[in-house]
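For reference, the chains in residue letters:
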Amino acid sequence: MREIESRKDMVKFFERNLESGRDAGELYSVLLNQGYIKSMINEGYNQALANINKRKQKDEIPQPKIEIVTTSTPEKKKGFFSRLFKRD
């Protein structure tokens, strides 16, 4: 019952099953029981995770950068009476 013949097939297998909510440990056990070697399983799993993460990053909407510009407050001018009576 070995359906997966290449590394690419292994990656697709993991991507499909992980995205549908399957447990990675369960998938690992099933593949080991079918006679796949650990290194092939590990490589396929790691590549599938990398591909899934790349897709998630592309799907995220980047937040626009907001630049806050501060202006200095103008110096308050003295009123007519303040100047007249020299009040501070």
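Anything mentioned here points back to the structure above.
All values reported here derive from a predicted model rather than from experimental measurement. (Residues numbered from 1 in each chain as written. Predicted model: local features only at pLDDT ≥ 70, side-chain atom pairs only at ≥ 80, totals over all residues. Heavy atoms only, no water.)

Counting its secondary structure elements, the protein contains four helices and zero strands. Tracing the protein from N to C terminus, the helices and strands come up as α-α-α-α. Sequence-distant contacts, at least 24 apart, represent 64% of the contacts inside the protein between residues at least 6 apart. Accessible surface, the protein as shown: approximately 8,000 Å² in total, 52% of it carbon and sulfur. (Helix = DSSP H or I, 4+ residues; strand = E, 2+ residues; numbered from the N terminus. Contact = heavy atoms within 4.5 Å. Areas by Shrake-Rupley, 256 points an atom, 1.4 Å probe, with all protein chains shown as cover.)

Let us now look at the environment of Met40. By the secondary structure assignment, Met40 is in helix H3 (residues 38–59). For Met40, a relative accessible area of 16% puts it in the buried group. Among residues more than four places away in sequence, those in contact with Met40 are Ile4, Glu5, Ser6, Arg7 and Met10. (Buried < 20%, exposed > 50% of the residue type's maximum accessible area, 1.4 Å probe, protein only.)

Attention shifts here to a nonpolar patch on the surface. On the surface, a nonpolar cluster with roughly 500 Å² of combined accessible area is contributed by Phe80, Phe81, Leu84 and Phe85. Locating Leu84 in the fold gives a position in helix H4 (residues 80–85). (Patch = residues over 30% accessible without salt bridge, like charges linked within 9 Å, V, L, I, M, F, W, Y side chains within 5 Å. Salt bridge = Lys/Arg side-chain N within 4 Å of Asp/Glu carboxyl O.)

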